[in-house]
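Here is how the chains run, residue by residue.
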Amino acid sequence: AAGVIQSPRHLIKEKRETATLKCYPIPRHDTVYWYQQGPGQDPQFLISFYEKMQSDKGSIPDRFSAQQFSDYHSELNMSSLELGDSALYFCASSLVGRNTEAFFGQGTRLTVV
Amino acid sequence: KQEVTQIPAALSVPEGENLVLNCSFTDSAIYNLQWFRQDPGKGLTSLLLIQSSQREQTSGRLNASLDKSSGRSTLYIAASQPGDSATYLCAVTGGYGTSGSRLTFGEGTQLTVNP
């Protein structure tokens, strides 16, 4: 079965550069979530989209922005990167609703040097 | 705000042992609870989803229970194998300070099953 696809899998950027992470949800899933997992930490919710509209916002820095496109894929744009942004970034998808199961991608490991 | 705690933080057992991982959450007004498995540096694999109206779910050697009123869940792993070695994360949707269907995670239990 198709899973959530994230690209790239690994990314190395220098401080103050920008990065774009992409997420392709499971077919027919209409909701996309982004999470950040720092070293040795649990995943923290950043932002989510339903039908191309932002549906919820968590601890996402102002330097980050995201959107969901008409084909339901989503992109997380990160600017003015800082060393502390180094983390695993996960995308998850689900069908809309509070009781639906979320499926996660393999993540993008971002390293800021 | 919803907080999720997992005990123990780490567990090492010999192969074949049955074991229990614990998860607690501060606000019982959850919509559902999911257990995930994470291998080092890898993604999150969903193991079991328990709706707030359910008491337990089973998949193979895994059984998860939910006591919503007391804010607790347990993940029971029968006849553990070395391949079960991973970090197990508990996460809930709903609760004070959250909205929508975002997941609030615990910090995980790092399980090592020794051959």
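Quick notes on the rules
- Residues numbered from 1 in each chain as written.
- Chains lettered and ligands numbered in written order.
- Predicted model: local features only at pLDDT ≥ 70, side-chain atom pairs only at ≥ 80, totals over all residues.
- Heavy atoms only, no water.
- 1 Å grid on protein atoms, 1.4 Å probe; cavity = no way out; pocket = protein on both sides within 12 Å on 5 of 7 lines; lining within 4 Å.
- Points joined across faces, edges and corners; volume = space filled by probe spheres on them.
- Nonpolar A, V, L, I, M, F, W, Y, C, P; charged D, E, K, R; others polar.
- Pairing = 2+ DSSP bridges.
- Helix = DSSP H or I, 4+ residues; strand = E, 2+ residues; numbered from the N terminus.
- Axes fitted to C-alpha atoms, helices over the stretch in contact; angles between N-to-C directions.
- Contact = heavy atoms within 4.5 Å.
- Buried area = accessible area lost by both parts, 1.4 Å probe.
- Salt bridge = Lys/Arg side-chain N within 4 Å of Asp/Glu carboxyl O.
- Polar contact = N/O pair within 3.5 Å; in protein donor to acceptor, adjacent residues only side chain to side chain.

A.B. asks: Which residues make up empty space enclosed by the protein, and what values do they have?
C.D. replies: In total, this model carries one cavity of 30 Å³ or more according to the counting rule given. Considering only enclosed or pocket space, the largest cavity measures out at about 30 Å³ in volume. Forming the boundary of the largest cavity are A:Tyr33, A:Ser94, A:Thr100, A:Ala102, B:Asn32, B:Gln34, B:Thr93, B:Ser101 and B:Leu103. Grouping the constituent residues of the lining of the largest cavity by class yields three nonpolar, six polar and no charged.

A.B. asks: Which residues make up the sheet that holds strand E1 (residues 4-7) of chain B, and what values go with them?
C.D. replies: Residues and elements named next belong to chain B. Pairing is antiparallel across the open sheet formed by five strands, whose spatial order is E1-E3-E8-E7-E6. Each edge of the sheet is formed by a strand with only one pairing partner; in this case those strands are E1 and strand E6 (56-59). Ignoring which end each strand starts from, the neighbouring axes of this sheet average 15° apart. The pairing of strand E7 (residues 62-67) with strand E8 (residues 72-77) spans six bridges and is classified as antiparallel. Pairing of Asp67 across the sheet is with Arg72, part of E8.

A.B. asks: So what's going on with the pairing of E6(B)? Which residues, and what values?
C.D. replies: All names here are of chain B. Bridging between E6 and E7 involves four bridges; their strand directions are antiparallel. When the sheet's bridge partners are listed, Gln57 is paired in E7 with Ala64. What sits between the antiparallel neighbours E6 and E7 is a turn of two residues, in which Gly60 has the positive phi angle 60°.

A.B. asks: Any details on the interface of chain B and chain A? Residues and values, ideally.
C.D. replies: Contacts between the two partners involve 22 residues from chain B and, on the opposite side, 21 residues from chain A. Of the roughly 1800 Å² buried where chain B meets chain A, counting both sides, 48% is carbon and sulfur surface. Our count for the chain B to chain A interface comes out at one salt bridge. Linking A:Asp56 and B:Arg102 is a salt bridge whose minimum nitrogen-to-oxygen distance equals 2.9 Å. Taken together, the links from chain B to chain A amount to seven residue pairs in polar contact (both at pLDDT 80 or more). Of all elements in the fold, only strand E4 (30-38), strand E5 (44-51), strand E9 (86-94) and strand E10 (103-105) of chain B reach the threshold of two or more residues within the side of chain B that touches chain A. Among the residues making up the side of chain B that touches chain A, the classes are represented as seven nonpolar, twelve polar and three charged.

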